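# Survey of secondary and tertiary structure
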Amino acid sequence: MVFESIVVELVNRYLGTFVDNLDASQLSIGLWGGDVVLNQLSLKESALDNLDLPVKIKAGHLAKLTLKIPWKSLYTEPVVAQIDGIYALAVPNIGIRYNEEKEKKAAQEEKQAKLAAFEEQKKLEAEKDKPKDPKKDSFVEKLATQVIKNLQVKVSNIHIRYEDKYTNPDRPYSVGVTLQELVFQTTDANWKETVIKEAVTQIYKLIRLDSLSVYWNSKTDLLHDQEGKAIVKELASNILSAQAALSENIPNQGHKTNLQYLFKPISAVAHLRLNTKPELTDFNIPKIFLTLVFDEIAVALSKDQFDDVLEMLESMERMALLAKYKKTRPDVPVKGNAKKWWHHAYAVTLEHTVRRRRNMWNWNNIKRHRNNLKQYRELYTQKLDSKKLGNKEQELLKNLENELDVFSICICRNQAEVDVARLGKKREAEKSQNGGWLGGWFGGGKKKQKEGKQGNADAEKGGLDLTNKFQEEFNDEEKLKLYKAIGYDENAKDTTFPVEFVAVRLVTKLNKLSLALVDRKNAVDSQLLKLSLTEICASFGQRPAANAIRLDVKVERLRSAGFPRKDYTPKIISSIGVSKEENASLLTLSVETNPLDGLCDSRIRVQSRPLEIVYDA
């Protein structure tokens, strides 16, 4: 029971941004096997707030989250994370009924997120000019490599949908993303699934993407007014019906899936090769080598979808503004309810204009705000200086943060940091004045000890990095065990890469890319225009020693077909048979900085072949 309560607390702390609070009934634990299973988690209304869009979750559900952590052999056995079934329906902010308690809680969470981002930015600015220790970077790099080597991830059955009936009530639409499966697993050199139990210098990862799609349904029936369980069931069934249609090789005509695809289901395979010690291969193999292959990406756009996209872009800003006045906004149409809407207009003007201006210049409010700033500054100075606050002071600090705005809090925190630095200098001056030759004999040890404590406090203030935390938490025996597991040598020399060494190599190939304009009538697509590109290849390389990059792109063929006739389909644009060179590519592009020959700083090369264009009236 104690272990279960610890897991529940950790989940609520680290996943609390996305899911509602977990209770023990949703948790099952296999203690010795290291399995933690979370079932039937509900997504929060604010789960998408980080996207900074005026949308909220109407109904959201995480069916199953499984973590397999081998506690007995953490360094040699894989850590497996599996997510099965994420279903979410998002709607505009104005589609959620106003709840004062939830709105206040969401506002405070947003404020704390902004404050955390502010502190993180200050930390990055403070560490930007500090020299980096290559050994620390090497340790972190090798530890991250060990985590990746032992990590396997599987995500399946994802359906996230957004519905809008407010932008244009006469033509509601829905847009969604579906994913059948994403797998990230460890393999051997032949890309066969395996488990690595010993320290190796080369790690192979297979990443498989199956049926990722984006759809946009115009003039469609909405799920918005259904109950939460019914919504989740419908979202899950849409994925299953889409898979069935694909398995039967049925083209998307809206017959089975009832989804009008913008991006038809995309599948891809990626091979990742990590070389932890490139010096062992004479720097012939990159540290990171990724190949990514797509079979086909098909994009189709109808006139209704195009109109909906434009309307949605126009409505986003308007919805963000309407969210401010949601408290008194009537949930009824304007026609036939003029009195309620006039009351709403009156309340908004009174609250956001008249009362705001009156309170802004009210002396009692000015005095209270000034006292709050002063009190917050004193408490935050005490927090930074002593690192400890009593329960009463912590509660008072929290209440002040709830009342003050982000701008005022940031100013007070900056002033508190200046005050702490001034206090530190004052103490140092007092120590030097109270010293003397006797102090050197009898107080030297204490002074050094205090200086050491002050140094530790400064380190905590700036934020300890991963290596320092590691040095504090682990004893010598545990360090040696971890070093051996991840292949790290504390006394190893820093490896300097040759100028010609390519540390990162990314290669991708897309067999076919098609863009189509369609006319949808009676759930059947009629092609108006289709543009196809075949065999698109791209390669990216980075040479860290020369601070150089190189990007190569090649397109083999281009073809555009017009509106099909009864007897033929006209070819409007074609690169086939135009060039005298049969194996010539349509387009070749190369961009390079700091090339090896040293003839220039940057180089761009473009080669293209002619096209045949036919006008079709």
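One numbering rule holds for all chains: residues counted from 1, following each sequence as written. Local features in a predicted model are, by the rule used here, given only for residues with pLDDT of at least 70; side-chain atom pairs are given and counted only at 80 or more, and totals for whole chains, interfaces and linings are based on all residues. Hydrogens are left out, water is left out, and the side-chain values use all remaining heavy atoms of the structure.

### Digging into helix 6 (residues 338-360)
Helix and strand definitions follow DSSP, with helices as H or I runs of at least four residues and strands as E runs of at least two, each counted in order from the N terminus. Between the first and last residue of a helix there are one fewer steps than residues, each counted as 1.5 Å, and that sum is the expected span. Compared with the 33 Å implied by 1.5 Å per residue over 23 residues, the 32 Å span of helix 6 between its first and last C-alpha is a close match. Values of bend correspond, residue by residue, to the angle between axes fitted over the seven residues ending at that residue and the seven starting there. Of all the bends in helix 6, the greatest measures close to 35° and is centred on leucine 350. Between buried and exposed lies partly exposed: a residue is buried under 20% and exposed over 50% of the maximum accessible area for its type, with that area taken using a 1.4 Å probe on protein chains only. Within the span of helix 6, buried status applies to Trp341, His344 and Val348.

### Remarks on the UniProt feature "coiled-coil region" (unreviewed entry) in the protein
Per the UniProt record, the feature "coiled-coil region" (unreviewed entry) sits at residues 99-127. Here residues 99-127 runs as 97% helix and 0% strand, with 42 Å between its end C-alpha atoms. UniProt positions are given in the numbering used here, feature names are shortened, and annotations may be inferred rather than shown by experiment.

### Considerations on the nonpolar core
Residues grouped as a nonpolar core are buried Ala, Val, Leu, Ile, Met, Phe, Trp, Tyr and Cys residues, joined through side-chain atoms within 4.5 Å. Residues Tyr162 and Ile297 are the most contacted members of the largest nonpolar core, which totals 36 residues. If you tally residues by element for this core, the top one is strand 3 (residues 55-68), at 4 residues. For isoleucine 297, the contacting residues outside a window of four places in its chain are Phe263, Ile266, Leu510, Lys512, Leu513 and Ser514. Listed in part, the 15 residues of the second largest apolar core include Leu384, Leu400, Leu404 and Cys410. Note on contacts: a residue pair is in contact if any heavy atoms of the two residues lie within 4.5 Å.

### Topic: the pairing of strand 6 (residues 173-187)
Burial analysis of strand 6 places 12 of its 15 residues in the buried class, the great majority of the element. Any two strands are treated as partners once DSSP identifies two or more bridges connecting them. Looking at chain direction, strand 5 (residues 151-164) and strand 6 are connected through 11 bridges and run antiparallel. Each residue of the ladder has a partner; that of glutamate 163, found in strand 6, is serine 174. Pairing between strand 6 and strand 7 (residues 202-218): 14 bridges, direction antiparallel. Each bridged residue has a counterpart across the sheet, and for threonine 178 the counterpart in strand 7 is serine 213.

### Notes on the side chain of serine 574
Mapped onto the elements, serine 574 comes out in strand 13 (residues 571-574). Setting aside anything within four residues of it in sequence, one finds serine 574 in contact with Leu558, Arg559, Leu611 and Glu612.

### Comments concerning the packing of helix 7 (residues 363-386) against helix 8 (residues 391-403)
Packing of helix 7 against helix 8 leaves a shortest axis separation of 10 Å and a crossing angle of 135°. With respect to each other, helix 7 and helix 8 are oriented oblique. As for the relative orientation of helix 7 and helix 8, their crossing is left-handed in sense. Along its contact with helix 7, which presents Arg368, Asn372, Gln375, Tyr376, Leu379, Tyr380 and Lys383, the element helix 8 presents Glu393, Leu396, Leu397, Leu400, Glu401 and Glu403. To obtain an axis, a line is fitted to C-alpha atoms, over the contacting stretch when the element is a helix, and the angle between two such axes runs from 0 to 180 degrees between their N-to-C directions. Angular relationships are summarised with four words: roughly parallel below 35 degrees, roughly antiparallel beyond 145, roughly perpendicular across 65 to 115, and oblique for the angles in between. When the near helix sits turned anticlockwise from the far one by under a right angle, the crossing is termed left-handed; a clockwise turn instead gives a right-handed crossing.

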